[in-house]
Amino acid sequence: MTSNIKVVARVMITPGKEDAFEAYAAELSVATRAEKGCLSYHLHRNLNQKGVYVFVEEWASRQVWEQHMSGEAIRVFNRQLPPGTIANIEIHPLEQIA
């Protein structure tokens, strides 16, 4: 069994704040893909629900992902976002079992 993990994060954005979120999330994606241990990191927009986004990520290990979550790219992203942009977020670290 590999130590790689995948992470799926579903983010709901407050109506009217989608453009700001997309701009800063694009910067976050570029910075994150440059991090050591990031194997894949992509943001997707839900075609059926305005304001719903999904990050799909793959990391070399859970430890590397946890470092990312407390790292500089995430801190910068959180500082840049206007208050109240994210209405809800669900983060799901996943381990492949089959």
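Residues numbered from 1 in each chain as written. Predicted model: local features only at pLDDT ≥ 70, side-chain atom pairs only at ≥ 80, totals over all residues. Heavy atoms only, no water.

Visitor: Explain the sheet that holds strand E4 (residues 86-94) here, please?
Guide: The pairing of strands in a sheet comes from backbone hydrogen bonds and takes either a parallel or an antiparallel form. The strand order across the open sheet formed by four strands is E2-E3-E1-E4, and the pairing between neighbours is antiparallel. If you trace the sheet from one side to the other, it starts and ends with strand E2 (38-45) and E4, each paired once. Each strand of the sheet is rotated relative to its neighbour by a mean of 15°, with strand direction disregarded. Bridge count between E2 and strand E3 (residues 52-59): seven bridges; the pairing is antiparallel. Note on E3: the bridge partner recorded for leucine 43 is phenylalanine 55. (Pairing = 2+ DSSP bridges. Helix = DSSP H or I, 4+ residues; strand = E, 2+ residues; numbered from the N terminus. Axes fitted to C-alpha atoms, helices over the stretch in contact; angles between N-to-C directions.)

Visitor: What's the story with the packing of aromatic side chains in this structure? I'm lost.
Guide: In this description, an aromatic ring pair is defined by two values, namely the gap between the centres and the angle between the planes. Applying the stated criterion across every chain yields a total of five aromatic pairs. Here phenylalanine 21 and tyrosine 53 contribute two aromatic rings whose centre-to-centre distance is 4.9 Å and whose plane-to-plane angle is 50°, an arrangement assigned as tilted. Pair noted here: phenylalanine 21 is in helix H1 (residues 18-33) and tyrosine 53 is in strand E3, with a separation of 32 residues, a long-range link. Judged by its relative accessible area of 3%, tyrosine 53 is buried. Between tyrosine 41 and tryptophan 59, the aromatic rings sit 6.3 Å apart at their centres with planes inclined by 75°, giving edge-to-face as the arrangement. Within this pair, whereas tyrosine 41 is found in strand E2, its partner tryptophan 59 is found in strand E3, the two being separated by 18 residues in sequence. By the burial criterion, tyrosine 41 is buried, and tryptophan 59 matches it. Through a chain of ring-to-ring contacts, three or more aromatic side chains come together here, namely Phe21, Tyr41, Tyr53, Phe55, Trp59 and Phe77. (Phe/Tyr/Trp six-rings, centres within 6.5 Å; stacked < 30°, edge-to-face > 60°. Buried < 20%, exposed > 50% of the residue type's maximum accessible area, 1.4 Å probe, protein only.)

Visitor: Is there a simple way to explain the packing of H1 against helix H3 (residues 72-80) in this structure?
Guide: Working note: a packed helix pair is described by the angle between its axes plus the distance between those axes. Between H1 and H3, the least distance of the axes is 10 Å, while the angle of their chain directions is 170°. The angle between H1 and H3 places the two elements in the roughly antiparallel class. Contacts between H1 and H3 pair Phe21, Tyr24, Ala25, Glu27, Leu28, Ala31 and Thr32 from the former with Ala73, Ile74, Phe77 and Gln80 from the latter. Grouping the amino acids of the contact of H1 with H3 by side-chain chemistry returns eight nonpolar, two polar and one charged. (Parallel < 35°, antiparallel > 145°, perpendicular 65-115°, else oblique. Contact = heavy atoms within 4.5 Å. Nonpolar A, V, L, I, M, F, W, Y, C, P; charged D, E, K, R; others polar.)

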